[in-house]
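These are the residues of each chain, in order.
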Amino acid sequence: MSRGRIAVGATVVLAVGGAVVAATGFGSGAAPEESPQPAPSATAKVTRQTLVDTREENGSLGYGDKTAVSVRLQGTLTSVPTIGSVVQRGQTLCQVDNTPVVLLYGSLPAYRTLGVDMEGADVKQFEENLAALGYKGFTVDNKFSSATTTAVKKWQKALGLTETGVVDLGRVHYAPGAVRVDKAKANVGDEVRPGGELLEYTGSARVVTVDLDLADQTIAAKGAAVAVGLPGGKSVQGKVTSTATVVDEGSGPDAEPSTRLRVTVTPDDEAALAGLDQASVKVGFVSSRRENVVTVPVGALLALAEGGYGVEVVEGGSRRVVAVETGLFASGRVEVTGVVEGQVVGVPA
């Protein structure tokens, strides 16, 4: 069995078409041959482990997509929050005629005035917020009862509003959670009318967004763990929290629209991002994973003259070349079959 040392791992990667490709089916299974070569300059153990190969993509650190707030009241804009400030449940998002538009949490937009004896999912959503703000004496359900009216009057009194017990359309704005004010769309003193935009906000927590090809959705499943490489060389672990299909219209008269998969990653430790509001980052997705496989260092592979690869097994004072089949290449090691865990193989310096 003729063979030659592969000088470095990179040579092997090129030979099989890249480190992320599993090369299988190599190795003739021929009988081992005693080696007349000098002893290897180094040795390594055959190990059993999990191999993980990652794929790096460009991402952007920020606060996620922007949402515009449109006014439902008519009057003069008398107060807007500071850019970058965070508004939480029950707090004022802006003021019209010196009365507050209040942020509440929920997915259903406010679409009508709420009052006694009205029923619906929007009633329950509003009552859930009243309860979360500490108001009591009513049952959280789909019906706006007289007890709800009493709680609403208490809430209105705390806000400095007329205690009508009726929630006017435009008095509350719903968002999934706390928001960070990103941009003002109107100025204090402006006359506002229903439908006019007041401001834009994002989520309050830093997230990473990555645009991938639609074909790459398998590496970005919700809950998948990723590594985020930050400026300065630090990294933080994170998880894919959402994906969405977006259409990029492109720019220029001849631009063709393209469809991309927008992936949102939430870091596990947001404190590690202190001082970074916006930045370009690298996101490492797991592209291949092989559990409980036998591996050797890539540098241990021998290119056999008859094709395929082998390794030099060292046992006591004797050595023999054993043909192997290769699988996944990752982190300087390669999955192999043909040797067993615990054996020792030669590795050139």
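About the cut-offs
Residues numbered from 1 in each chain as written. Predicted model: local features only at pLDDT ≥ 70, side-chain atom pairs only at ≥ 80, totals over all residues. Heavy atoms only, no water. Salt bridge = Lys/Arg side-chain N within 4 Å of Asp/Glu carboxyl O. Helix = DSSP H or I, 4+ residues; strand = E, 2+ residues; numbered from the N terminus. Buried < 20%, exposed > 50% of the residue type's maximum accessible area, 1.4 Å probe, protein only. 1 Å grid on protein atoms, 1.4 Å probe; cavity = no way out; pocket = protein on both sides within 12 Å on 5 of 7 lines; lining within 4 Å. Points joined across faces, edges and corners; volume = space filled by probe spheres on them. Nonpolar A, V, L, I, M, F, W, Y, C, P; charged D, E, K, R; others polar. Pairing = 2+ DSSP bridges. Core = buried A, V, L, I, M, F, W, Y, C linked by side-chain atoms within 4.5 Å. Contact = heavy atoms within 4.5 Å. Axes fitted to C-alpha atoms, helices over the stretch in contact; angles between N-to-C directions.

The next point concerns the pattern of salt bridges. A complete count under the given rule lists 17 salt bridges for this structure. As a salt-bridge pair, Asp216 and Arg55 come within 2.6 Å of each other at their nearest N and O atoms. One end of the pair, Asp216, is in the loop between strand S14 (207-212) and strand S15 (225-229); the other, Arg55, is in strand S4 (residues 47-62), with 161 residues separating them in the sequence. A relative accessible area of 29% means that Arg55 is categorised as partly exposed. The closest approach of N and O atoms between Glu312 and Arg319, which form a salt bridge, is 2.7 Å. According to the relative accessible area criterion, Glu312 is buried, its value standing at 4%. Three or more residues joined by partner-sharing salt bridges are found here, namely Arg55, Glu57 and Asp216.

Summed over all chains, the structure comprises 1 cavity of 30 Å³ or more. If you add up the space inside the largest cavity, you get close to 80 Å³. Residue lining of the largest cavity: 14 residues in total, with Ala110, Arg112, Leu114, Val172 and Tyr174 positioned closest to the centre. Among the secondary structure elements, those contributing two or more residues to the lining of the largest cavity are helix H2 (121-132) and strand S10 (172-175). Along the lines of polarity and charge, the residues of the lining of the largest cavity split into 9 nonpolar, 2 polar and 3 charged.

Moving on to the sheet that holds strand S11 (residues 179-184). Read across the sheet, 4 strands follow the order S5-S13-S11-S7 without closing on themselves; strand pairing throughout is antiparallel. On the outer flanks of this sheet lie strand S5 (67-70) and strand S7 (86-87), each paired with one strand and no other.

This brings us to the nonpolar core. Among the nonpolar cores identified, the biggest contains 19 residues, and Val208, Leu212, Val228, Val263 and Phe285 are the most heavily contacted of them. Elements supplying a minimum of two residues to this core: S14, S15, strand S16 (235-248), strand S17 (258-267) and strand S18 (279-297). When residues in this core are grouped by element, the largest group, 4 residues, is from S18.

Another point: the sheet that holds strand S12 (residues 191-192). Read from one edge to the other, the open sheet built from 5 strands follows the order S10-S9-S8-S6-S12, with strand pairing classed as mixed. Each of the sheet's edge strands pairs with one partner strand only, and the pair in question is S10 and S12. Note that strand S6 (residues 75-79) and strand S8 (residues 92-96) share 2 bridges and pair antiparallel. Bridge pairing links Leu77 to Val96 in S8. H2 contacts strand S9 (99-105) and S10 of the sheet and is inclined by roughly 90° relative to S10.

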